[in-house]
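What the coordinates show
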Amino acid sequence: MPKKTKKARDPNRPKRPLSAYFLFAADFRAKYAGDTLSTVEMAKTCGEEWKQQSEKAKKPFVEAAKKSRKAYLKAMEKYKKQQEKTKPPKRPLSAFFLFMQETRPVVKERMPNASVQEISKEMGAIWRNMTDDEKRPFVDKNQEGKAKYAGERARWEKKMRKQTGAAAEE
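A short tour of the structure in this document, coming up. From a predicted model like this one, the values you see are computed outputs, not experimental measurements.

Looking at the packing of helix 1 (residues 20-31) against helix 2 (residues 39-52)
The geometry of helix 1 relative to helix 2 is characterised by a closest axis approach of 10 Å and an angle of 120 degrees between their N-to-C directions. With respect to each other, helix 1 and helix 2 are oriented oblique. Crossing angle aside, the handedness with which helix 1 passes helix 2 is right-handed. Facing helix 1, whose interface residues are A20, Y21, F24, A25, F28 and R29, helix 2 presents M42, A43, T45, C46, G47, E49 and W50.

And the structure:
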């Protein structure tokens, strides 16, 4: 089985904030940086130290974590809005998938105990047995979708070229 490759991370995506414990751990490591503790010993000691802290002692780390979480959520919202602006338009559904979308509830009602695969096979058989005239509404709807998509795609590509050109000038 081939090894899964990680999807490349968008460098513009905001980084997740550190939890209260990780803020404490960073502070703890800074205090004991000169010690001869191994990484494992340092982590173990840090965890024990965190557990022994009172709620009052943990409060500054908890507050800092809350504050950074708020900033992260705000940055993520802005990032998501920006991503929506750069998302390409979706391709239209094929005539067959438009047919399936409309017909699936009817077939499912007729075959309530059927698996998804059985329902799909049934719909495929229905589609193959349909005349061109019966398929016409789905084909026409697909053609309309293609025309709309072509216009949207052209506008999107133009917009992306502008953005890329503006980014290159910076």
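A short note on a positive patch on the surface
Where like charges cluster on the molecular surface, the positive patch consists of K7, R9, R13, K15, R16, R69 and K80. Turning to its location among the elements, R13 is positioned in the segment before helix 1.

Focus: the packing of aromatic side chains
A complete count under the given rule lists 13 aromatic pairs for this structure. Relative to F22, the ring of Y21 has its centre 5.5 Å away and its plane inclined at 70 degrees; by these criteria the two rings are edge-to-face. Overall, F22 belongs to the partly exposed group, its relative accessible area being 47%. Between F99 and F138, the ring centres sit 5.6 Å apart and the planes meet at 85 degrees, which makes this aromatic pair edge-to-face. One end of the pair, F99, is in helix 4 (residues 95-110); the other, F138, is in helix 6 (residues 132-169), and 39 residues separate them in sequence. An aromatic cluster of three or more residues is present, and its members are Y21, F22, F24, F28, Y32, W50 and F61.

Considerations on helix 1
Here helix 1 contains 12 residues, and its C-alpha end-to-end distance of 17 Å stays within 8% of the 16 Å for a straight helix at 1.5 Å per residue. A20, F24, A25 and F28 are the residues of helix 1 that are buried. Looking down the long axis of helix 1, one finds its buried residues gathered within 130 degrees of arc, a one-sided arrangement. Those residues of helix 1 that are buried lie in contact with helix 2 and helix 3 (55-86).

Observations regarding the packing of helix 1 against helix 3
For the pair helix 1 and helix 3, interaxial distance at closest approach is 8 Å and the crossing angle is 120 degrees. Regarding the angle of helix 1 to helix 3, the classification is oblique. Relative to helix 3, the crossing made by helix 1 is right-handed. Packed against helix 1, whose contacting residues are A20, L23, F24 and D27, the element helix 3 presents F61, V62, A64 and A65 at the interface. Looking at the contact of helix 1 with helix 3, its residues break down into seven nonpolar, no polar and one charged.

Some remarks on the pattern of salt bridges
For the structure on display, the rule yields six salt bridges. One salt bridge connects R136 with D140, and the closest N-O pair in it is separated by 3.6 Å. On the criterion of helical spacing, the pair formed by R136 and D140 is a turn pair, its members being four residues apart in helix 6. Residue classification places R136 among the partly exposed residues on the basis of a relative accessible area of 42%. Since its relative accessible area comes to 35%, D140 is described here as partly exposed. The partner of E157 in a salt bridge is R153, with the nearest N and O atoms 2.9 Å apart. With E157 and R153 both in helix 6 and four residues apart, the pair spans about one turn of that helix. By relative accessible area, which is 32% here, E157 ends up partly exposed.

What counts, and where the lines are drawn
Residues numbered from 1 in each chain as written. Predicted model: local features only at pLDDT ≥ 70, side-chain atom pairs only at ≥ 80, totals over all residues. Heavy atoms only, no water. Axes fitted to C-alpha atoms, helices over the stretch in contact; angles between N-to-C directions. Helix = DSSP H or I, 4+ residues; strand = E, 2+ residues; numbered from the N terminus. Parallel < 35°, antiparallel > 145°, perpendicular 65-115°, else oblique. Left-handed = near helix turned anticlockwise from the far one by under 90°. Contact = heavy atoms within 4.5 Å. Patch = residues over 30% accessible without salt bridge, like charges linked within 9 Å, V, L, I, M, F, W, Y side chains within 5 Å. Areas by Shrake-Rupley, 256 points an atom, 1.4 Å probe, with all protein chains shown as cover. Salt bridge = Lys/Arg side-chain N within 4 Å of Asp/Glu carboxyl O. Lys, Arg positive; Asp, Glu negative; His and termini not counted. Charge placed at Lys NZ, Arg CZ, Asp CG, Glu CD. Phe/Tyr/Trp six-rings, centres within 6.5 Å; stacked < 30°, edge-to-face > 60°. Buried < 20%, exposed > 50% of the residue type's maximum accessible area, 1.4 Å probe, protein only. Expected span 1.5 Å × (residues − 1). Arc of directions from axis to C-beta. Nonpolar A, V, L, I, M, F, W, Y, C, P; charged D, E, K, R; others polar.

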